[in-house]
Amino acid sequence: MDSIFAPKSSSTSTLSSPAFISRFLEASSSRKFSSLTFVGSRPIRYSSYSTTFSMVSNDVSKPKIISGDFGYVLEDVPHFTDYIPGLATCSNPLQDNPAYSVVKQYFVHVDDSVPQKIVAHKDSPRGIHFRRAGPRQKVYFDSDEVHACIVTCGGLCPGLNTVIREIVYSLYHMYGVSRVLGIEGGYRGFYARNTTALTPKVVNDIHKRGGTILGTSRGGHDTSKIVDSIQDRGINQVYIIGGDGTQKGASVIFEEIRRRGLKVVVAGIPKTIDNDIPVIDKSFGFDTAVEEAQRAINAAHVEAESVENGIGLVKLMGRYSELYVSRWELPEYVHVDLSSKLHGWEILNVAPLWFIAMYATLASRDVDCCLIPESPFYLDGEGGLFEYIEKQLKENGHMVIVIAEGAGQELLSESKQSRNQQDASGNKLLQDVGLWISHRIKDYFSRQKTMAINLKYIDPTYMIRAVPSNASDNVYCTLLAQSAVHGAMAGYTGFTSGLVNGRQTYIPFYRIIEKQNNVVITDRMWARLLSSTNQPSFMSDKDVTEENISGGKKEEGPATQLLDNGNCADGVLGKKEVSSV
């Protein structure tokens, strides 16, 4: 069994550091591995057949991969010992914590990992795994030396304040940390805004409020200034809460910190109300968003059925998000097509964000038609949307339509200039398709003069973002925050805390910011929605091609390869297909 991404050249030296030796001997004690390669700015290779350690010179951006028997691959996260030799460790204070005294096994085993894919065939390789999150027996920080900071970036999302609260509570009550700083106003707050001291008393009831007590902003990322500020303030744990763009910024900050050789943890907590971040099961705030979206759908349904030929039209979040990255920052093995540039950044991909619209539709059961960007539709003619609306009104006397904000953009008569405008996070600025299509529906029936309609248009976008998180998301936020703190204290860095197949894990940044494929609209989840609404697909047979099914490339594999987030498909780095069972 070989380690992968091994460097071509190396120089050998004997390391006497107990920290290095202990870590590698622990990792290999189970005899799962015959060799380990930890790739970082100062990578180490350990062989079970020799006590010699090899110092390997390699690019710091290379991933940290461990291979094992039967196709086992661990995509590990960076650790202090990868680039800082001789670090001292101390016992985890949780050993004496009353809250954990009743737990039979509260420390995570060094070999614990979580598979990315759980659906397998009898001959399938074990596939890609991620390091399991949780407390470790040894920690790399003394409680008194920790100076942590928390920052929130990007748009609002239910649960932001809950995550802030739980990070503070975990640091204070689990590890005895008393210095936690809140960075105000997003990334630019590191060098251009005030800070606030966060204590359990300050954050005690913030989870009952929407938004973020620290404030937020888009853009403002200046890596050098941010890391300089971190050094100047003596911060050694940085918790960054945000979506894919924010996590990309966190990755760049981590690389600069590692380049400078600083003992500073950079830990991400994934936040996106659209649930579009790859690898993880879901992001916090999504359940709340779906629940809140149903209030708007319920209101639309009441309005529609209360009048003759009533139509309730609801616009929900669901756009195409363009992720901007610099080519030099991508790991060499992540193959992407870079199509255009904006202000020195390059567009990596276009990622679909229609999950709220689809899940709210499935949960409601009152929706007659759901329109998303990935499923093209047309208005006029046989089989068009207008014909379907007229049919529904004749049969049922009312109708509810849900449209994602990115749907039908190609139908809007807009200038090329407005089409290419972006916000500070690089997201495409979209016209109000809900308002536009409501006018088109009214105009159509006005011209037809066959029936008078009564249409009500509801846009709950900002109401959904600004509410406090519900019970489910509050629990999830707690798990994410505690896992991030456990990982930071254990010396892990450059990771995002996330749920994979129901287990808390540490995921390296490059997997969170990797290329995503377009949503597969011919899978079971979309079929379930069509069955629920009984709407036509608005697609002809010629539209359902191999390109629609596989995202542009035909893939070999078993017939069930698209099930359960692709859990039967081959584990190809840099690829995610959004599909479910």
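The numbers attached to residues start from 1 for each chain and follow its sequence in the written order. With the structure being a predicted model, the display of local features is reserved for residues of pLDDT at least 70 and the display and counting of side-chain atom pairs for 80 or more, all residues being used for whole-chain, interface and lining totals. Heavy atoms throughout the structure, all of them, feed into the side-chain values; hydrogens and water do not.

- The name given to the protein chain in an unreviewed UniProt entry is ATP-dependent 6-phosphofructokinase, and the organism recorded there is Salix suchowensis.
- Comment text from UniProt for the protein chain, heading Sequence similarities (unreviewed entry), reads "Belongs to the phosphofructokinase type A (PFKA) family. PPi-dependent PFK group II subfamily. Atypical ATP-dependent clade 'X' sub-subfamily."
- In its Catalytic activity (unreviewed entry) section, UniProt records this for the protein chain: "beta-D-fructose 6-phosphate + ATP = beta-D-fructose 1,6-bisphosphate + ADP + H(+)". UniProt positions are given in the numbering used here, feature names are shortened, and annotations may be inferred rather than shown by experiment.

## Quick notes on the environment of Ala99
Item 1. Per the convention used, a helix needs a DSSP run of H or I reaching at least four residues, while a strand needs a run of E reaching at least two, with both numbered from the N terminus. Within the secondary structure, Ala99 is located in the loop between β7 (90-91) and β8 (113-115).
Item 2. Exposure categories follow from relative accessible area, calculated using a 1.4 Å probe and restricted to protein chains: below 20% of the type maximum is buried, above 50% is exposed, and the middle band is partly exposed. Given the relative accessible area of 54%, Ala99 is considered exposed.
Item 3. Put simply, Ala99 and Met174 are 75 residues apart on the chain and 8.7 Å apart in space, counted from C-alpha to C-alpha.

## Considering the UniProt feature "binding site: substrate" (unreviewed entry) in the protein chain
Item 1. Within this structure's numbering, the places UniProt gives as "binding site: substrate" (unreviewed entry) are Thr272, Ile273, Asp274, Met317, Gly318, Arg319, Glu405, Tyr462, Met463, Ile464 and Arg465.
Item 2. Assignment of secondary structure puts Met317 in the loop between β16 (310-316) and β17 (320-325).
Item 3. Under the relative-accessibility criterion, Met317 is labelled buried at 6%.
Item 4. Residue position: Arg465 is located in helix α12 (residues 461-466).
Item 5. Excluding residues within four positions of it along the chain, Arg465 makes contact with Gly155, Leu156, Cys157, Pro158, Arg218, Ile273 and Met317. We call two residues contacting when some pair of their heavy atoms lies within 4.5 Å.

## Some thoughts on the packing of aromatic side chains
Item 1. Working definition: rings of Phe, Tyr and Trp (its six-membered ring) pair if their centres are within 6.5 Å, and the pair is stacked with planes under 30 degrees apart, edge-to-face with planes over 60 apart, and tilted otherwise. In total, this model carries 8 aromatic pairs according to the counting rule given.
Item 2. When the ring of Phe80 is compared with that of Phe141, the centres are 5.7 Å apart and the planes differ by 70 degrees; the resulting orientation is edge-to-face. Of the two residues, Phe80 is situated in the loop between β6 (72-76) and β7 and Phe141 in the loop between β10 (138-139) and β11 (148-152); the sequence distance between them amounts to 61 residues.
Item 3. The exposure class assigned to Phe80 is buried, which follows from its relative accessible area of 0%.
Item 4. Residue Phe141 is classed as buried on the basis of its relative accessible area, which comes to 1%.
Item 5. For the pair Phe386 and Tyr444, a centre-to-centre distance of 4.5 Å together with 20 degrees between the ring planes defines the contact as stacked. Linking Phe386 in helix α9 (residues 385-396) with Tyr444 in helix α11 (residues 433-448), this pair joins segments that are 58 residues apart in sequence.
Item 6. Owing to a relative accessible area of 1%, Phe386 belongs among the buried residues under this scheme.
Item 7. Tyr444 sits in the buried class, given a relative accessible area of 11%.

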